[in-house]
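Inside the fold
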Amino acid sequence: MRGAYLVWVQMERSSHLRHEMALDANARRLLVTSGSVRAPIYQTRSRASGLRTLPHNASVTMVDWHPTLPIFLTGSADNSVRVTSIL
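First, a word on scope: everything that follows refers to the structure included in this document. (Residues numbered from 1 in each chain as written. Predicted model: local features only at pLDDT ≥ 70, side-chain atom pairs only at ≥ 80, totals over all residues. Heavy atoms only, no water.)

1. Notes on the pairing of strand 6 (residues 60–65)
Bridge analysis of strand 6 against strand 7 (residues 71–76) gives 5 bridges, and the strand direction is antiparallel. Bridge pairing in strand 7 links D64 to L73. Between the antiparallel neighbours strand 6 and strand 7 lie 5 residues. (Pairing = 2+ DSSP bridges. Helix = DSSP H or I, 4+ residues; strand = E, 2+ residues; numbered from the N terminus.)

Structure, rendered in structure tokens:
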């Protein structure tokens, strides 16, 4: 199943921090928000995580994949959006 998913996490300082994750069209890569300026990209079949997105100036708050191409979007708390191709 492809798409973005929301995960609600209980943290010490906030009771409702929102994190997003999204699978690519082939369910091979999982893109996750991390509270960091970069978001990790996990390989779902090998459980490897060496890839990371281009940096923003503030925390990554939104992630999603193009429906058919190896392109993803990241949005940040600094109001910037990055469109990145893995090719």
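We are not done yet, so read on.
2. As for the side chain of S80
By secondary structure assignment, the location of S80 is in the loop between strand 7 and strand 8 (81–85). In this structure the side chain of S80 is engaged in a polar contact, spanning 2.7 Å, whose partner is the side chain of H56. Apart from residues lying up to four places away in sequence, S80 is in contact with H56, T74 and G75. (Polar contact = N/O pair within 3.5 Å; in protein donor to acceptor, adjacent residues only side chain to side chain. Contact = heavy atoms within 4.5 Å.)

3. Some points on the sheet that holds strand 7
Within a sheet, adjacent strands bond to each other through the backbone by hydrogen bonds, running parallel or antiparallel. Here we have 3 strands laid out as an open sheet, ordered 6-7-8, and antiparallel in their pairing. Only two strands of the sheet have a single partner each, and these edge strands are strand 6 and strand 8. Across this sheet, the average inter-strand angle for adjacent strands is 20°, counted without regard to direction. (Axes fitted to C-alpha atoms, helices over the stretch in contact; angles between N-to-C directions.)

4. Topic: the pattern of salt bridges
Under the defined criterion, the tally for this structure stands at 1 salt bridge. Here R29 makes a salt bridge to D24, at a shortest N to O gap of 3.3 Å. (Salt bridge = Lys/Arg side-chain N within 4 Å of Asp/Glu carboxyl O.)

5. With respect to unusual backbone geometry
One non-glycine residue, A27, lies in positive phi territory at about 60°. Tracing the chain through its elements places A27 in the loop between strand 2 (17–23) and strand 3 (29–32). For A27, a relative accessible area of 29% puts it in the partly exposed group. A positive phi angle, near 70°, is found at N79, a position not held by glycine. Among the secondary structure elements, N79 is positioned in the loop between strand 7 and strand 8. What makes N79 exposed here is its relative accessible area of 74%. (Buried < 20%, exposed > 50% of the residue type's maximum accessible area, 1.4 Å probe, protein only.)

6. Notes on the side chain of H56
Its place among the elements puts H56 in the loop between strand 5 (51–52) and strand 6. Here the side chain of H56 touches T74 through a polar contact of 2.8 Å, side chain to side chain. Among all residues touching H56, those that are not within four sequence positions of it are V37, T74, G75, S76, D78, S80, V81 and R82.

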